[in-house]
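# Architecture at a glance
Chain by chain, the residues run as shown.
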Amino acid sequence: MSWQQLATEIEIWATEQKTITLWWRDDDAYTNSAALTQLINLTNHYQIPLCLAVIPSQLEISLIERVEQQPLVWISQHGYSHQNHAPANQRKCELGADRLFEVIASELLTGQNMLQHAFPKQFFPVLVPPWNRLAHSLVNELANMHYIGLSTLGPRQPRKDLVVQNVHVDIINWKQRQFAGEKHCLTQLIQHLQARRLNQIDRQEATGLMTHHLDHDAGCWQFCRQLCEFLKPYSHVQWQQPNRLFSKASVISLV
């Protein structure tokens, strides 16, 4: 798909007097870097709130010092160590069913406390599982572990006990570890917006952009910059503040 097709979709939303809600989640944060500075400068330039998913066990003081004075940066929890514990024949997963729940819960709560202490004004207790995977049995316990939300990949399945707010546009081709391509990324974005508009999925779920600043090549940065610039003129396209997306008032009541 093309930028013109994105413009057409955005204009249909305007004709129907609907607001397009978006949000930005960036994963694997743990240290300050030139890439992080580039990301923050980009989002600040366009005044876009940013959710940084931080790996607690790898957290460095340089990251705390870099973001603590950034009013548009919010902090969520990216697992605990971002280590793969899945068997060799399965997809990578840190928070899978192959480990004891007590062990996983202890790590997650330790990480949660670390981030709360490190970012008292910016952290909100939302779990972003590494590789966007976790055991279903763990999901059922998150509310009891003081989490208010969960964020993975793909259209959400609403819950009574948690705010689920996922991402839907992955700009990286992970097999080749490079930019996934303009057409691929625009297709993900347009298809999610279309599905929302047509009530094929939960229309209330903001469309999520997922980035990984430490893995970006030039194509990734160019696409992010171009997307921000392209969306800027549309008043009915609104980037959401992450902590508000996951506020307890947003928990969906299921019939």
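Along each chain, residue indices are assigned from 1 in the same order as the chain's sequence is written. The model is predicted, so local features are restricted to residues of pLDDT at least 70 and side-chain atom pairs to those at 80 or more, both for listing and for counting; the totals for chains, interfaces and linings are taken over all residues. As a rule here, side-chain values cover all heavy atoms of the structure and leave hydrogens and water aside.

Looking at an unreviewed UniProt entry, the chain carries the name Polysaccharide deacetylase family protein, with the source organism given as Spartinivicinus poritis.

Counting from the N terminus, the helices are DSSP H or I runs at least four residues long and the strands are E runs at least two residues long. Scanning the chain for helices and strands turns up eight helices and 11 strands. Here the C-alpha radius of gyration of the chain, 18 Å, is about what a compact globule of 255 residues would show, namely 18 Å. Across its three principal axes, the chain shows a C-alpha extent of roughly 50 × 45 × 40 Å. A 1.4 Å probe rolled over the protein chains alone gives each residue an accessible area, and that area as a share of the maximum for its type sets the label: buried under 20%, exposed over 50%, partly exposed in between. With 255 residues in all, the chain has 53% of them scored as buried. Contacts are assigned to residue pairs that have any heavy atoms within 4.5 Å of one another. Considering only contacts within the chain whose residues lie at least 6 apart along the sequence, 69% involve residues at least 24 apart. Neither His nor the chain ends is counted toward charge; the positive residues are Lys and Arg and the negative residues Asp and Glu. By convention, the point assigned to a charge is CZ for Arg, NZ for Lys, CD for Glu and CG for Asp. Each charge class in the chain can be summarised by its mean position, and for the 21 positive and 22 negative side chains these summaries are 5 Å apart. For the radius of gyration, the atom set is restricted to C-alpha positions; the globular benchmark scales as 2.2 Å times the number of residues to the power 0.38.

This part covers the side chain of His213. Structurally, His213 is set in the loop between β10 (207-211) and α7 (218-231). Using a relative accessible area of 1% as the deciding quantity, one classes His213 as buried. Within 3.5 Å is the distance limit for a polar contact, defined as a pair of N or O atoms, with the added protein rule that one can donate a hydrogen and the other accept it, and that residues adjacent in sequence qualify only through two side-chain atoms. Of note is the side chain of His213, whose polar atom sits 2.5 Å from the side chain of Asp26. Those residues in contact with His213, other than ones at most four positions away along the chain, are Asp26, Asp27, Ala29, Ser33, Ala35, Leu36, Leu39 and Trp221.

Counted as salt bridges are all cases of a side-chain nitrogen of Lys or Arg within 4 Å of a carboxyl oxygen of Asp or Glu. Under the criterion given, the structure shown has seven salt bridges. Between Glu107 and Arg99 there is a salt bridge; the shortest N-O distance is 3.2 Å. Assessed through its relative accessible area of 16%, Arg99 is described here as buried. Ionic pairing is found between Asp202 and Arg156, a salt bridge with its closest N-O pair at 2.7 Å. One end of the pair, Asp202, is in the loop between α6 (182-197) and β10; the other, Arg156, is in the loop between β5 (149-150) and β6 (163-164), and 46 residues separate them in sequence. For Arg156, a relative accessible area of 10% translates into the label buried.

The next subject is the pairing of strand β1 (residues 20-29). Side-chain direction in a regular strand flips from residue to residue, so the side chains alternate between the two faces of the sheet. Here β1 lies mainly inside the structure; 10 of its 10 residues are buried. Judged from the three bridges that link them, β1 and strand β11 (residues 237-239) form a sheet pairing that is parallel. Among the inter-strand pairings, Thr21 is bridged to a residue of β11, identified as Gln238. Here β1 runs beside β10; their pairing, made up of five bridges, is parallel. Across the sheet, the residue bridging to Trp23 is Gly208, located in β10. Any two strands are treated as partners once DSSP identifies two or more bridges connecting them. Pairing between β1 and strand β2 (residues 50-54): three bridges, direction parallel.

This part takes up the packing of helix α1 (residues 3-15) against α7. Between α1 and α7, whose axes approach to 12 Å, the crossing angle comes to 35 degrees. In this structure, α1 meets α7 at a crossing whose hand is right-handed. Contacts between α1 and α7 involve Trp3, Leu6, Ala7 and Ile10 on the former and, on the latter, Phe223, Gln226, Leu227, Phe230 and Leu231. When the residues that make up the contact of α1 with α7 are grouped by side-chain class, the tally is eight nonpolar, one polar and no charged. Angles run from 0 to 180 degrees between N-to-C directions of axes, and those axes are lines fitted to C-alpha atoms, restricted for helices to the stretch in contact. By convention, the crossing between two helices is left-handed when the near helix turns anticlockwise from the far helix through less than a right angle, and right-handed when the turn is clockwise. For this classification, the nonpolar set comprises Ala, Val, Leu, Ile, Met, Phe, Trp, Tyr, Cys and Pro, the charged set comprises Asp, Glu, Lys and Arg, and every other residue, Gly included, is treated as polar.

It is at 11 Å that the axes of helix α2 (residues 34-45) and α7 come closest, and there the two elements cross at 10 degrees. Taken together, the axes of α2 and α7 are roughly parallel relative to one another. Where α2 crosses over α7, the two elements pack in a sense that is right-handed. For the pair α2 and α7, contact is made by Ala35, Gln38, Leu39 and Leu42 and by Trp221, Cys224 and Arg225, respectively. The residue makeup of the contact of α2 with α7, split by class, is five nonpolar, one polar and one charged. Small angles under 35 degrees read as roughly parallel and large ones over 145 as roughly antiparallel, with 65 to 115 read as roughly perpendicular and the rest as oblique.

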